[in-house]
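# Secondary and tertiary structure notes
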Amino acid sequence: WMNCLEVATMNEQAIRFRFGIFVLASLILLAVLVILFGGFPNYFRRTQGFTIEFKNAQGVTPGTPVRQSGVRIGEVQSVELNNATGKVNVVIRIDEKYFLRKGDLPTLLQGLLGGDSAIAFLPPDDPNQMDQTPVPPGAVLQGVNPPDAATLMQKTAELIQPAKEAVIEIRNAFQIGRASCRERV
């Protein structure tokens, strides 16, 4: 009779142990699936790191896409303000299969309404400045900030006065020309 009770207790302990192992294995499998398909999709990709220094990096956050010729080649890893210079250091990770060229300009692009941001490596305007040499991993690059709407408005306002003066000079020239034509007739 005692023997039967001991066997039942041992069977119950074995079942609990097996159930615990099953739950533990299920949790480990769930964690691996989350890492692969969810929270860390880039965890197993090989990348190269670079730092880009911008005067202003408004709208750039970790995860912001990095593009070259319109193709996504990486993303922003971190954004930090350099207190000594007042500039922003943006650390990017580029997929190992791509490389950056020394001639390309890291340019901060923003959506029309300031929403979507991206960093694009654009070729220089002058084809003579096209340097195809790859940038070594870990290099610090100088970023380019395109003018924003406020800067464009300010520059436009600065052009209004000279434009008014030019129109007045043209009007005066026409009046002088008209007067001289009337004198000849």
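Our subject is the structure listed above.
An account of the accompanying structure is given in this report.

## Topic: the overall build of the protein
Counting its regular elements, the protein contains 2 helices and 7 strands. Tracing the protein from N to C terminus, the helices and strands come up as α-β-β-β-β-β-β-β-α. Here the protein, with 185 residues, has 20% of them falling under the buried criterion. Considering only contacts in the protein between residues 6 or more positions apart, those separated by 24 or more positions represent 61%.

## Points about unusual backbone geometry
With a phi angle near 55 degrees, S69 is a residue other than glycine that sits in the positive phi range. Along the chain, S69 falls in the loop between β2 (65–68) and β3 (71–81). By relative accessible area, which is 67% here, S69 ends up exposed.

## Quick look at the pairing of strand β6 (residues 117–122)
In summary, the side chains of a regular strand alternate between the two faces of the sheet. Judged by how many residues are buried, β6 sits mostly within the fold: 5 of 6 residues are covered. Direction of pairing for β2 relative to β6: parallel, over a ladder of 3 bridges. Among the inter-strand pairings, Q68 is bridged to a residue of β6, identified as F121. Taken together, the 6 bridges between strand β5 (residues 105–110) and β6 define a ladder with antiparallel strand orientation. Within β6, the position partnered with L109 by the bridge is A118.

## With respect to the pattern of salt bridges
Where charged atoms from two side chains of opposite charge come close, those side chains can pair. By the definition in use, this model includes 4 salt bridges. Between E75 and R72 there is a salt bridge whose closest N-O contact spans 3.0 Å. Linking R101 and D104 is a salt bridge whose minimum nitrogen-to-oxygen distance equals 3.6 Å. Judged by its relative accessible area of 6%, D104 falls in the buried class.

## Concerning the sheet that holds β3
With mixed pairing, the 7 strands of this open sheet are ordered in space as β5-β6-β2-β3-β4-β1-β7. Each having just a single partner strand, β5 and β7 (140–142) make up the two edges of the open sheet. Between one strand axis and the next, the sheet turns through 35 degrees on average, direction left out of account.

## What about a nonpolar patch on the surface?
On the surface, F19, F22, V23, L27, L30 and V34 cluster together into a nonpolar patch covering about 600 Å² of accessible area. Relative to the helices and strands, V34 resides in helix α1 (residues 2–37). You can call V34 partly exposed: its relative accessible area is 43%.

Reading the values: rules and limits
Residues numbered from 1 in each chain as written. Predicted model: local features only at pLDDT ≥ 70, side-chain atom pairs only at ≥ 80, totals over all residues. Heavy atoms only, no water. Helix = DSSP H or I, 4+ residues; strand = E, 2+ residues; numbered from the N terminus. Buried < 20%, exposed > 50% of the residue type's maximum accessible area, 1.4 Å probe, protein only. Contact = heavy atoms within 4.5 Å. Pairing = 2+ DSSP bridges. Salt bridge = Lys/Arg side-chain N within 4 Å of Asp/Glu carboxyl O. Axes fitted to C-alpha atoms, helices over the stretch in contact; angles between N-to-C directions. Patch = residues over 30% accessible without salt bridge, like charges linked within 9 Å, V, L, I, M, F, W, Y side chains within 5 Å. Areas by Shrake-Rupley, 256 points an atom, 1.4 Å probe, with all protein chains shown as cover.

Purely geometric numbers; function is a separate question.
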